[in-house]
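# Observations on the three-dimensional arrangement
Spelled out, the chains give:
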Amino acid sequence: MGTARLRACPEDFRVDEQLPFQPSGVGEHCLIQVCKRGWTTEAVAKILAARAGVSRGAVSFAGLKDRHAVTTQWFSVHAPKACPALLPGCLEDGVEIVAATRNARKLRRGALGGNRFRLLVREVSAPRRAVERRLHAISRRGVPNYFGPQRFGRGGRNLQQARAWLLEGEPVRGRTVRGLLISAVRSDLFNRVLARRVAAGTWDTLLAGERAALDGTGSHFPVVAVDAPLRRRVAQGDVHPSGPLPGVGGDRPEGAVAALEDEVLAEEPELLAALAERGVRADRRPLRLMPRQLVWHWPDAQTLSLDFTLTAGAYATTVIAEVLETAAEE
């Protein structure tokens, strides 16, 4: 695997958020599409609240977007009356309202159809033919659906802080920060299970006893036996094996799949107990990620342009890592 440089400048990493619904055009909520560069999602939410003259709690969004990128994403602002401050135009240097409409309901976390990525990867050291072989393979087979390093903070800081809070009682203020820390812990445990399935060569293979995940839906179902129709659905990218986002309750796999997950999670009994104590609900996540509409070209001999769509909660850096080892500029 060769090396390359990712995110040499924000314009090299473009993300466009896709809504899973058509705005109604009427209602108490302003639905605002924002293009930002060099800003966090939370900072933009505060700007919108200030301009609309509402509390920060009246502004919501579906997901966080990278600061070191050019991204478009949607926000909703609870503002029953007309709000001229939220019409298309520049809000701040690097923040622009692209579109504004109305909707009957607020935008909730996770309410995403997916994200479209347009990336430039520079200073590619690998032979073009080798890179394209990997890209063709990814188009057919997908990649392991790891949470990216962004999930864990710079140098894994979120995980360190989570351990200090959950295991040592170090105080953490703010519901949002506590949510990020819990998410980092669950993501790390998921990644460990996925790494074990990758080592076993079963990250893209359904096993008896599996909880099979439906692509892009958040739903999963039990696999009693892996028959020919189910194998076809796996080959088509419609169904994937799944792994745990630990907590209490939820549906569990059975047999050898359950034994593997239990063995991995048993390495962190105190963290599991802390999650249960806080009432975190268990969930499942696909072990495989399928980049859709993946296309690429070479603007020059050492620059690779990539264009693809991912389901909500998936990481473009996870896809790139299967092609090239990159150094990101932060």
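All of these numbers come straight from a predicted model, not from anything done at the bench.

## Focus on the pairing of strand S5 (residues 70–78)
Within S5, eight of the nine residues are buried, leaving the element largely enclosed by the surrounding structure. In this structure, strand S2 (residues 13–18) lies alongside S5, joined through three bridges in parallel fashion. Paired with valine 15 across the two strands is threonine 71, which belongs to S5. When strand S3 (residues 29–37) meets S5, the two strands line up antiparallel, connected through nine bridges.

## Remarks on empty space enclosed by the protein
Going through the model one piece at a time under the given rule, you end up with one cavity of 30 Å³ or more. Taken together, Leu159, Arg163, Val185, Asp188, Leu189, Arg192 and Leu271 form the lining of the largest cavity. For the lining of the largest cavity, the elements supplying multiple residues, two or more each, are helix H3 (157–168) and helix H4 (175–200). In terms of residue count, H4 provides more of the lining of the largest cavity than any other element does, four residues in total.

## Comments concerning the packing of H3 against H4
Packing of H3 against H4 brings their axes to within 9 Å, and their N-to-C directions diverge by 110°. Taken together, the axes of H3 and H4 lie roughly perpendicular to each other. Counting all contacts with H3, which are made through Asn158, Leu159, Gln161, Ala162, Arg163, Trp165 and Leu166, the residues of H4 involved are Val177, Arg178, Leu181, Ile182, Ala184, Val185, Asp188 and Arg192. Across the contact of H3 with H4, the residue classes break down as nine nonpolar, two polar and four charged.

## Looking at the pattern of salt bridges
The full count for this structure, using the stated rule, is 22 salt bridges. Note that aspartate 307 is salt-bridged to arginine 116, the shortest N-O span being 2.5 Å. One end of the pair, aspartate 307, is in strand S17 (residues 303–310); the other, arginine 116, is in strand S8 (residues 114–122), and 191 residues separate them in sequence. Among the salt bridges present, the one from arginine 141 reaches aspartate 204, with a minimum N-O distance of 2.5 Å. With arginine 141 in helix H2 (residues 128–141) and aspartate 204 in the loop between H4 and strand S10 (211–214), the pair connects residues that are 63 residues apart, well separated along the chain. Judged by its relative accessible area of 12%, aspartate 204 is buried. Each of Arg163, Asp188, Arg192, Arg196, Glu263, Glu267 and Glu268 takes part in salt bridges that share partners, so that together they form one network.

## Quick look at the pairing of strand S7 (residues 95–103)
Working note: regular strand, side chains alternate between the two faces of the sheet. Two elements, S3 and S7, share eight bridges in a ladder whose sense is antiparallel. Across the sheet, residue lysine 36 finds its bridge partner in S7, namely valine 95. Here strand S6 (residues 89–92) runs beside S7; their pairing, made up of three bridges, is antiparallel. Counted as the bridge partner of glycine 89 is isoleucine 97 from S7. Joining the antiparallel neighbours S6 and S7 is a turn of two residues, in which glycine 94 adopts a positive phi near 95°.

About the cut-offs
- Residues numbered from 1 in each chain as written.
- Predicted model: local features only at pLDDT ≥ 70, side-chain atom pairs only at ≥ 80, totals over all residues.
- Heavy atoms only, no water.
- Buried < 20%, exposed > 50% of the residue type's maximum accessible area, 1.4 Å probe, protein only.
- Helix = DSSP H or I, 4+ residues; strand = E, 2+ residues; numbered from the N terminus.
- Pairing = 2+ DSSP bridges.
- 1 Å grid on protein atoms, 1.4 Å probe; cavity = no way out; pocket = protein on both sides within 12 Å on 5 of 7 lines; lining within 4 Å.
- Points joined across faces, edges and corners; volume = space filled by probe spheres on them.
- Axes fitted to C-alpha atoms, helices over the stretch in contact; angles between N-to-C directions.
- Parallel < 35°, antiparallel > 145°, perpendicular 65-115°, else oblique.
- Contact = heavy atoms within 4.5 Å.
- Nonpolar A, V, L, I, M, F, W, Y, C, P; charged D, E, K, R; others polar.
- Salt bridge = Lys/Arg side-chain N within 4 Å of Asp/Glu carboxyl O.

Fair warning: the whole summary comes from geometry, so function is off the table for now.
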